[in-house]
Amino acid sequence: MHGTLMTSVRTFLGYPYPLGATWMGNGVNFAIFSGHATGVELCLFDNIEDTEENIRIPVTEQTDQVWHVFLPDARPGQLYGFRVSGPYDPERGLRFNSSKLLLDPYAKAIAGEVSWADEMFGYVVGDKKEDLAQDFSDDAWGVPKSVVIDTAFDWQGDQRPGIPLHSSVIYELHVKGFSKLWPDVPEELRGSYAALGTPAAIDYFKKLGVTAIELLPVQAHIDDKALVDRGLTNYWGYNTIGFFAPHGQYSSSEQMGEQVSEFKSMVRSLHAAGIEVILDVVYNHTGEGNHLGPTLCFRGVDNAAFYRLRADNPRFYLDYTGTGNTVDTLNPRTLQLVMDSLRYWVSEMHVDGFRFDLAPALARDATGVNKFHAFFKVIEQDPVLSQVKLIAEPWDVGDGGYQVGNFPVPFSEWNGKYRDAVRSFWKGDEGRIGEMGYRLTGSPDLYRHNGRRPYASINFVTAHDGFTLNDLVSCNEKHNEANGDGNKDGDNNNLSWNCGVEGPTDDAQINALRDRQRRNFLTTLFLSQGVPMLTAGDERGRTQNGNNNAYCQDNEISWFNWERDGKQNQFLEFTRRLIQHRKDHPVFRRPKFFQGRRIRGSEIRDVMWFNPGGNQMSEEEWASPFVRCVGMLLSGDTSDVLTFEGEPVRDDTFLLLINAHYEPIPFVLPGQENLEWQLILDTMDANGFLREPKKFASGDDVDLGGRACRISSGERRGRTRSRQVALRGGEKYRQRNLVARNELVYRDTKRVLSCAASFLVSDSP
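This structure is a prediction, so every number in the text was calculated from the model and none was measured.

Reading the values: the criteria
Residues numbered from 1 in each chain as written. Predicted model: local features only at pLDDT ≥ 70, side-chain atom pairs only at ≥ 80, totals over all residues. Heavy atoms only, no water. Helix = DSSP H or I, 4+ residues; strand = E, 2+ residues; numbered from the N terminus. Buried < 20%, exposed > 50% of the residue type's maximum accessible area, 1.4 Å probe, protein only. Contact = heavy atoms within 4.5 Å. Expected span 1.5 Å × (residues − 1). Polar contact = N/O pair within 3.5 Å; in protein donor to acceptor, adjacent residues only side chain to side chain. Axes fitted to C-alpha atoms, helices over the stretch in contact; angles between N-to-C directions. Left-handed = near helix turned anticlockwise from the far one by under 90°. Nonpolar A, V, L, I, M, F, W, Y, C, P; charged D, E, K, R; others polar. Pairing = 2+ DSSP bridges. Phe/Tyr/Trp six-rings, centres within 6.5 Å; stacked < 30°, edge-to-face > 60°. Lys NZ or Arg CZ within 6 Å of the ring centre and 35° of its normal.

A. Local environment of the environment of I170. Tracing the backbone through its elements, the reader meets I170 in strand 12 (residues 170-173). When its relative accessible area of 0% is taken as the criterion, I170 is described as buried. In the structure, I170 is positioned 474 residues away from F644 in sequence and 24 Å away in space, judged by C-alpha atoms. Residue contacts for I170: discarding those within four places in its chain leaves A212, E214, I278, I391, I458, V531, P532, M533 and L534.

Printed below as a string of structure tokens:
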């Protein structure tokens, strides 16, 4: 056995709460939960290079299954770990092994990385009995160490921006990848937390118009041995080993606790600029893998408490995550760990919200995903957590794991149905027009039934997981060869379309179509009700060369390329103007669903739907597989959305026209005789927004380009309510519209597929 029994440093009994290592001003309290252990030892290290502990202290006091000791002479910066004794009996779910140094589950900082070797595993690697054969070799030389920190920090009066969710624009980015190659950031700060708080980064976020940055996992994580053996890393970070500690490798300073203050400084700078910080958090599993994984923390502290084990054979783990294990939120101490961690990030680190990776796994019990699970109840009643932004990734890999629309308040959700519907529609697939009506209006079919609001829908077209926007319009197939799995990893169902050629091309016509499709996607995204999420780099045409699963690519495939040409500048400006347009016009970010009996009803006052003839959409048209063109009229003259003072929120009236058909379609503009429409955005234009708005009268025929969309605003003066505008206009122009419609239908007898107009013609890319 390594180490020396504690004889020269004073020890007091200590406190069972709070858990973890707590600097109390007159010493450090250490407390660790283990319900099945027979003994606990605290190991102290003088230096991160030490191959064994300098002092080993028996922790003899135990209160309510919490082992605790107080060291009056310990100080912040102290490196430590635990050794936990108990039965090594995997067939009973017990995997104690005091030969293995363990991280503190409540460690606020972690120093060092795993040096992969057989010693990191609690069993004899290569033994024919696999994990049933206990390994007694010591691993202290090659595992990370926990660090005692001082939580004191000068927040300088930090105030949370408190941006309403319905007014939010989320920007999803990777801490390292965003700034690693950025010349405007000092070289020593690139790829770090500090880089995100620099004037260059804040200026970029402000000019782009985003209100929140959503960081891919920043809780301490490890690189899987299998990836390291292939020369790769777990770049995305969905492999957590410390739920309280900011990942040390994203720090520009030393990792001996300085990463905590650097993270806080980043948050403080972003808040001062009015930008919120949302964390992508991974509580559904840990980096310890399945029964053949390493013993680094939770497995050795109390395997049966922290993980879901198979009831019929506790040697094996229930795996709803695809990673080998699932964290057991049914255990009150494990649920406490998750909640303590969440509160810590809000209270101590000042973050503004969370996106929960594979959230259904957190709410599973013996019956499956349970919306009455304690996980939900605890958050809903919590005075701290219930008031921050809570976003669920509403699917896991278990049976019944696709839970879009089923999370309770106050959760919002990544709306995978929005992503799929929008991709499929602009790709030109049949039968998508009805669902597009729901997705454009905040997905009331998913969220209205249980008291939720449009902002329950986090709308996105792309995310870190999958194609970039550029690759979405450039690739029919994934190209993941660099990942080393023979292109077998990553999703095969991308609903992408390469516009005629796979990958980069010099064909000007195809490139123009791709650019237009990108404008179509972002216009749809930012003018839909709900909360838009933009993936970092999509505003500039970032590519991953067709890799739709770059989780292991810590290189130029994933890093943000800051060099840009004129076309990229043009698209960046288009994105900025789109976001500003959304900000300027509250009709696109309503906190309430549109009124009316249902989306397709004819009595809806504040949103109305029109076919190219200028008439309201019929039930037959909504259900037709051939319809790919529709107009949506949004009235800004409604009275259901009020200011804080109780005054109605007024806005312009807008007409959004979308056409996923490959040919132009004549569209009769609806409205009263004296209504004037100003065309302000046309994705047929390379700039998107017109330099000079074009004016049209209601009743005019306009050519809506093939695979294009337009947005027009109605004149403010003499404005009447949208229902009156639309219905009176419809009556006045009914005969003319019917004639126009009939001409479209019968112009080409080969296209008489239904009673609808030629915009019903099939179009398959």
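B. Fine view of helix 13 (residues 508-526). Helix length check: helix 13, at 19 residues, gives a terminal C-alpha distance of 27 Å against a target of 27 Å (1.5 Å per residue), a fit within 8%. The residue sitting at the N-terminus of helix 13 and contributing the capping side-chain oxygen is D507; that oxygen lies 2.9 Å from the backbone nitrogen of Q509.

C. Representation of the packing of helix 9 (residues 416-427) against helix 13 within the structure. For the pair helix 9 and helix 13, interaxial distance at closest approach is 11 Å and the crossing angle is 140°. Relative to helix 13, the crossing made by helix 9 is right-handed. Only Q517, N520, F521, T524 and L525 of helix 13 make contact with helix 9, whose side of the interface consists of Y418, V422, R423 and W426. The class makeup of the residues in the contact of helix 9 with helix 13 is five nonpolar, three polar and one charged.

D. Structural view of the side chain of E262. Tracing the chain through its elements places E262 in helix 5 (residues 258-272). Once you skip the residues sitting within four places of it in the chain, E262 turns out to touch S192, Y193, A194, Y250, S251, S252 and S253.

E. Representation of the sheet that holds strand 10 (residues 110-111) in the model. The strand order across the open sheet formed by five strands is 4-3-7-11-10, and the pairing between neighbours is antiparallel. A strand with exactly one partner marks an edge of an open sheet, and here the two such strands are strand 4 (55-59) and strand 10.

F. Looking closely at the packing of aromatic side chains. Scanning the entire structure with this criterion turns up 47 aromatic pairs. Between F33 and F306, the aromatic rings sit 6.2 Å apart at their centres with planes inclined by 85°, giving edge-to-face as the arrangement. Of this pair, F33 sits in strand 2 (residues 28-33) while F306 sits in helix 6 (residues 298-306), and the two are 273 residues apart along the sequence. With respect to class, F33 is no different from F306; both count as buried. Through a chain of ring-to-ring contacts, the aromatic side chains of F33, F243, Y283, F298, F306, F354, F356, F375, F376, F407 and F411 assemble into a single cluster. The ring of W414 carries the charged tip of R355 above its face, separated from the ring centre by 4.0 Å. The side chain of R518 reaches across the aromatic face of F571, ending 4.0 Å from its centre.

All we've got here are geometric facts, nothing functional implied.
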